[in-house]
Amino acid sequence: MSRAHRLVAVLVLNLGLVAALVAVAVTAHSLAVLAEGGDYLLDAAGVGAALLALRLARPARSGRLSGHPNATNVAALINSGWLLVLELIVAGAAAYRLVTGTPE
């Protein structure tokens, strides 16, 4: 099984877990479980970016002049940016709940 096939399997499992976590979070009105679902969604996006980076980082062929050797580094940078944005959103939602006293 190649690396790309393993990443596709991880992507499918991650998306199934995201769907389950979001369903539980909505039913339980839980910001923590919803945040975990968002974290897994960003993990799935990171796996998707890794799949794209693997495709772009392939060495040159007759149809292309050169590959993109830094594609995996760019994918890692994008993934870290997504995680930072998620953390800021969760912190903002938690602060809003603290200020307004909203239990749900």
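What you see is a predicted model, and the numbers here were worked out from it, not measured in a lab.

For helix 2 (residues 31–56), with 26 residues, the first-to-last C-alpha span of 37 Å sits near the 38 Å given by 1.5 Å per residue. When we look at burial in helix 2, the residues that qualify are L31, A35, G37, G38, L42, A44, G46, V47, A49 and A53. Against helix 1 (3–28) and helix 3 (71–100) lie the buried residues of helix 2. Measuring from the side-chain oxygen of the N-cap residue of helix 2 to the backbone nitrogen of V33 gives 3.2 Å; that N-cap residue is S30.

Structurally, R97 can be placed in helix 3. Owing to a relative accessible area of 26%, R97 belongs among the partly exposed residues under this scheme. Taking the C-alpha atoms as reference points, R97 and L31, 66 residues apart in sequence, are found 9.7 Å from one another.

Bringing the side chain of N14 into the picture now. Residue placement: N14 occurs in helix 1. According to the relative accessible area criterion, N14 is buried, its value standing at 11%. Discounting chain neighbours no more than four positions away, the residues touching N14 are Y40, D43, A44 and V47.

Below, the discussion takes up a nonpolar patch on the surface. A grouping of V22, V26 and L34 is seen on the molecular surface, where their side chains present a nonpolar patch of about 230 Å² in accessible area. If you trace the backbone, V22 turns up in helix 1.

Rules and cut-offs
Residues numbered from 1 in each chain as written. Predicted model: local features only at pLDDT ≥ 70, side-chain atom pairs only at ≥ 80, totals over all residues. Heavy atoms only, no water. Helix = DSSP H or I, 4+ residues; strand = E, 2+ residues; numbered from the N terminus. Expected span 1.5 Å × (residues − 1). Buried < 20%, exposed > 50% of the residue type's maximum accessible area, 1.4 Å probe, protein only. Contact = heavy atoms within 4.5 Å. Polar contact = N/O pair within 3.5 Å; in protein donor to acceptor, adjacent residues only side chain to side chain. Patch = residues over 30% accessible without salt bridge, like charges linked within 9 Å, V, L, I, M, F, W, Y side chains within 5 Å. Areas by Shrake-Rupley, 256 points an atom, 1.4 Å probe, with all protein chains shown as cover. Salt bridge = Lys/Arg side-chain N within 4 Å of Asp/Glu carboxyl O.

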